[in-house]
Amino acid sequence: IIYVHTDDKKRTVIGYFDRKEVPEYDVFRRVATNLKEDCQFYVGFGDASQQMHPPGQPIVAFRADRARSNEPDETFMGSLKVYDELNVWVSEKCVPLVREITFENAEELTEEGLPFLILFHKPDDNESVKKFNDIVMTELITEKQNVNFLTADGVKFAHPLHHLGKSQNDLPLIAIDSFRHMYLFSDVKDMEIPGKLKQFLQDLYSGKLHREFHYGPEPITDTPKQIEGGTKKPTTPPESTFKKLAPSKNRYTLLRDEL
């Protein structure tokens, strides 16, 4: 296969070799087979790739999904003869920190058991996706063990928006789905204020989001204010919609009917 053009919405790994009969290509082929669901792979041999690498020195390069992120291209600097080295590097590059949720992968993502922090956006809104990616990479990478960072086509996933009292006209917007309730981020523009999205997650962990949805905003001052019994009217936060995608004998029906 000769590398000509790649889909800028997909992550790509490209190998440049003199010929097929080298151990480095065998390692590359095995890695590509293992991770073909996560990246698109291209390879060039001989004349087709001679301008891309020094003679006798194979090169493997990564190209990010430019429509979704601002990550730079990168060249593998390890040993191309060691499968584990290349496989780990490609795995890290091909499974992005921010993933796109679709009807096809929603159940798999739900099975991971982590709350969702989701950017709902219009199908052609790549700028919001890039900004969200940048903020997650720079501010929230330490939270990757606690939450799944996702983007969602707000037209396809209109049902969760309806639960939040929103429509396509309100896109883009950010929400947390804890699998119990859905919590709406105050203003999508505020995600660019340093620390705002991280505080949103901290408020989830501490239970503040849940308490405020039931009893209204908590005092901002350092001095606790006594809440008189019955003065705050309980509210009802929207129920989770993505919990319905958990494994079920009816899961395919739920995917189509509920969302």
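Below is a summary of the structure that appears in this document.

Calculation criteria
Residues numbered from 1 in each chain as written. Predicted model: local features only at pLDDT ≥ 70, side-chain atom pairs only at ≥ 80, totals over all residues. Heavy atoms only, no water. Buried < 20%, exposed > 50% of the residue type's maximum accessible area, 1.4 Å probe, protein only. Helix = DSSP H or I, 4+ residues; strand = E, 2+ residues; numbered from the N terminus. Pairing = 2+ DSSP bridges.

Some remarks on the pairing of strand β8 (residues 173-177)
Regular strands place side chains that alternate from one sheet face to the opposite one.
Here comes step 1: Most of β8 sits inside the fold, with five of its five residues counted as buried.
Here comes step 2: A two-sided burial pattern is seen for β8, the buried positions comprising Leu173, Ala175 and Asp177 on one face and Ile174 and Ile176 on the other.
Here comes step 3: For strand β6 (residues 116-121) and β8, the ladder comprises five bridges, and the chain directions are antiparallel. What sits directly across from Phe120, in β8, is Leu173.
Here comes step 4: The pairing of β8 with strand β9 (residues 182-184) spans three bridges and is classified as antiparallel. Following the sheet pairing, Ala175 is matched in β9 by Leu184.
Here comes step 5: The hairpin formed by β8 and β9 contains four residues between the paired strands, and Phe179 there has a positive phi angle of roughly 75°.

What to know about unusual backbone geometry
Here comes step 1: Here the residue pair Leu171 and Pro172 is connected by a cis peptide bond, since its omega of 0° sits within 30 degrees of zero.
Here comes step 2: Structurally, the position occupied by Pro172 is in the loop between α5 (158-163) and β8.
Here comes step 3: Backbone geometry at Phe179 places phi at a positive 75°, although glycine is not the residue there.
Here comes step 4: Topologically, Phe179 is positioned in the loop between β8 and β9.
Here comes step 5: On the basis of relative accessibility, which here comes to 18%, the residue Phe179 falls in the buried class.

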